[in-house]
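Here are the chains, one letter per residue:
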Amino acid sequence: MGDCKTLKNQSPISRALWLKGLMELTGASKGMVILEKSIENDHKLAAESINVALLSDADLDIYIKCTSDYIEQPKSSLCLEDNWDKLFTISQKYPGIKPAFDFSKSDFWNKKSSNSKLRKVLGLTKEIKSELNPDNELHVAFIVNMISLFAISLNNIVSNIFNQYLLPTTKDQLSEELKVLIWGGFESFNFQDKLRKLISQKGGLPETDLSLPDWDIFLQLIRNCLEKPHSTTIIPLLLKELAFYYLTEDSLKKEMSYLSKLASNDLYTAKFAYLTSTYFCQATRIPQEFNEIISDHLLKLQT
Amino acid sequence: MEKQDIAARCHDIQACLGNKEVPEFEAISQIGMAVRLALHIKGLPRIKYNVLKLAANYYLNIPSLVLQSILEILYEVQFVKILSQGQTIQTIIPTVPFFEDIYESIGDFAAKEKSFNEAEQLSLEILKRLTLTPEPKQTLYNIGADSQLINRSVQIGDEGGYFRVYRARGKDIIYSPIFFSENANLYADIVAKSGAKNVKRLLDLIKRSQGWPLSIIEKMKEINGFKVTDDEIKFLKRLAQDGAVKPPSISTSHSGENYFIFTPSPGLIRLTPAKREIYERAMALVASVRQGQFLPKKYAIRSPYAILTALRDKGFLNANTEALEQYKKLTVLRVGRLEETSPGSGWFRFYLNDVEESQEVLSMAIDLVSQGQAIGTEIDEEFRIAVQKDQLFIESLLSSQKLKERETISYTEDQKEEIDNLFLRGDLK
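Note that the structure is a prediction, hence the values are computed from the model and not measured.

Undergrad: Lay out the overall build of chain A with the relevant residues and their values.
TA: Secondary structure summary: chain A contains 15 helices and 3 strands in total. In terms of overall size, chain A behaves like a compact globule, its C-alpha atoms giving a radius of gyration of 21 Å where 303 residues would be expected to give roughly 19 Å. Oriented by its inertia axes, the alpha-carbon framework of chain A measures out at about 70 × 45 × 40 Å. In chain A, which comprises 303 residues, the share counted as buried stands at 45%. Nonlocal contacts in chain A, meaning residues at least 24 apart in sequence, comprise 70% of its contacts between residues at least 6 apart. By element, 53% of the accessible surface of chain A is carried by carbon and sulfur atoms, the whole surface being about 15900 Å². A gap of 4 Å separates the mean positions of the 35 positive and 38 negative side-chain charges of chain A.

Given below as structure tokens:
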């Protein structure tokens, strides 16, 4: 968790203690406070004991140089301030998208449980599908941003499944374990499943089992990710970078190299990003052109 | 024939043929290569076409000329995404599904889109019969095909390495080395004596209960509740005594030497050389657990499956006084090690060695006990490693090899004459 807000008359250790509280609230394991001024060593020592690094601007440059996995800093669409401004204008320009956008901006990050986040991202996107226009690059960027949030939850779920079962041997086993995980436990799943069937019965609808849309495709996605679970950790970053690529001005797009770098670092990441976006676009029933645009880009990254 | 049988048998035939060409085979080769490629690329990330071309040729005997058409089949069944620049394929992305039967999907495609000629249909039918048991060659003529065609199919199969004919008790017995790689002479002999039906029944029983001790079968005259005849027991004893490859055995002070019966090991195509050693160790592991199940000194194992999964989950088995004799062979085979809990106590704990090989052995043993066969043994892992490296790596492998020569299985004299006559008569419309 990083904090780079300039606050006057606050000592560095006060900032560290405040950040520690926020880390406890969100479950972050490490924090970093960036300050414009230089920092006394005893403040740094005290902060280190609560897993917070206190860095000045000059310190930060050294930190980046020593810990980065590149020699020359690649150009990233995420680093262009204008792109962030564009992203935040989406809900003002297109009020129909506002509920999903607001969720992506704040509620998603406040929720702890991955299973409900996964369902909510899908559900909210599905609700606003008729507002979305694939010819609008802002909408494409928004959708890819939503997919990146979906990928964060997906990564947690894949890690959970892998840590418990490694590779489930049968489809049924994986299906059962996922349903219990995604719906927050055996009792919760059973209750919601029964409720859904009762409601379906009353409405004259077929009584199908509770599951995510296109459940079989979701199972294939998870099972693919289980082949290399560690590769799922970078999918959200790759997709976020792609989302911001669509926000970048055309004249600058060619310079942006970070996306190809992420894709080439780990071939599985790019493949899993493709499978994730394909599932997301299908499950949310958004216009199919979104899938064509996004898949085309993700496939080209793999050539 | 079931769709998955068609695809599986095409795979077996094509894998055996390798770089041999059979003029009569077209659909078999295409479908066989498609299955083989799909099995090997499942779960992999993107593969550069140039690397795939070289690796498929070297490891899977898929000629570069036909690779594109094979990829098109896989594209049709949605097992790959193909990325091209114009007409030139650049990259493929495998999307072979998990949990689905690859053989069924490709078999479904073959049934709808491909047409097998008479020679191909006959070869597939004969091989299908021989998956279960050797048969008297005479029974093949009951299929209803022309006897010349049958003879030609057998000749192709013999040269291709997927049929063999063995003479026993004055009869020609045909079998497939794909499924009967060991002690084929003994199986041929019992078929000649008692018929294929009995052998099929016996092998079926053994498959359902891999690793049953021979002494228990002899004593109870049954395998896992199913009766066996005296002749069948005699045959099993012959396997143990006269077989070129004997079943796994364990010696203990309280029960002497015991043999444990398994179905024949798969042949080269179904069990790569690297996996063969693993398979043999897996059989030894199953035998150890069956020893504990049926021939304990004091306390019997109730569920071999539970013991093996406990070994997988914990990495060791709880100590007992019988472990030393029961698992000693596994230490020699480097599957695990035995550690005495305290010196002189006689209580030993068996630990699985913490290496990938031992994990594979355990996984295979669990498959043998739960499903009667090992899964995924036909995959050449070296191909999967090679396609994930760059072109330089695979080129360095190829540079030491001569150009591969494609052999052709020659026509029979009759066929040659027929071709000559065609040209002579000028009937080429």
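Undergrad: Describe in detail the interface of chain B and chain A, supporting the description with residues and values.
TA: Accessible area lost when the parts come together is the quantity often used to give the size of an interface. Listed as interface residues are 16 residues of chain B and, on the opposing side, 16 residues of chain A. For the pair chain B and chain A, the two sides together bury roughly 1600 Å², of which 66% comes from carbon and sulfur. Contact with chain A buries area across many residues of chain B, yet Arg 46, Phe 98 and Phe 99 of chain B alone supply 43% of it, more than any other trio. Inspection of the chain B/chain A interface yields 0 salt bridges. The tally of links from chain B across to chain A stands at 4 residue pairs in polar contact (both at pLDDT 80 or more). Counting residues per element, the ones that place at least two in the side of chain B that touches chain A are strand 3 (80–85) and strand 4 (88–94) of chain B. Element by element, the count of residues in the side of chain B that touches chain A is highest for strand 4 of chain B, at 3 residues.

Undergrad: Would you mind going over the pattern of salt bridges in detail, with residue names and values included?
TA: Applying the stated criterion across every chain yields a total of 38 salt bridges over all chains. Measuring nitrogen to oxygen at the nearest pair gives 3.1 Å for the salt bridge that ties Arg 15 of chain A to Asp 3 of chain A. Taken together, the positions of Arg 15 of chain A in helix 1 (residues 12–26) and Asp 3 of chain A in strand 1 (residues 2–3) put the pair 12 residues apart, joining distant regions of the chain. Both residues of the pair, Arg 15 of chain A and Asp 3 of chain A, belong to the buried class. Each member of the salt-bridge network shares a partner with another, and the members are Glu 277, Arg 281, Arg 334 and Glu 357 of chain B.

Undergrad: Provide a residue-level description of a nonpolar patch on the surface, including the pertinent values.
TA: On the surface, Phe 191, Leu 195, Leu 198 and Ile 199 of chain A cluster together to form a nonpolar patch covering roughly 420 Å² of accessible area. Along the polypeptide, Leu 198 of chain A turns up in helix 9 (residues 186–202).

Parameters and conventions
Residues numbered from 1 in each chain as written. Chains lettered and ligands numbered in written order. Predicted model: local features only at pLDDT ≥ 70, side-chain atom pairs only at ≥ 80, totals over all residues. Heavy atoms only, no water. Helix = DSSP H or I, 4+ residues; strand = E, 2+ residues; numbered from the N terminus. Rg over C-alpha atoms; globule rule 2.2 N^0.38 Å. Buried < 20%, exposed > 50% of the residue type's maximum accessible area, 1.4 Å probe, protein only. Contact = heavy atoms within 4.5 Å. Areas by Shrake-Rupley, 256 points an atom, 1.4 Å probe, with all protein chains shown as cover. Lys, Arg positive; Asp, Glu negative; His and termini not counted. Charge placed at Lys NZ, Arg CZ, Asp CG, Glu CD. Buried area = accessible area lost by both parts, 1.4 Å probe. Salt bridge = Lys/Arg side-chain N within 4 Å of Asp/Glu carboxyl O. Polar contact = N/O pair within 3.5 Å; in protein donor to acceptor, adjacent residues only side chain to side chain. Patch = residues over 30% accessible without salt bridge, like charges linked within 9 Å, V, L, I, M, F, W, Y side chains within 5 Å.

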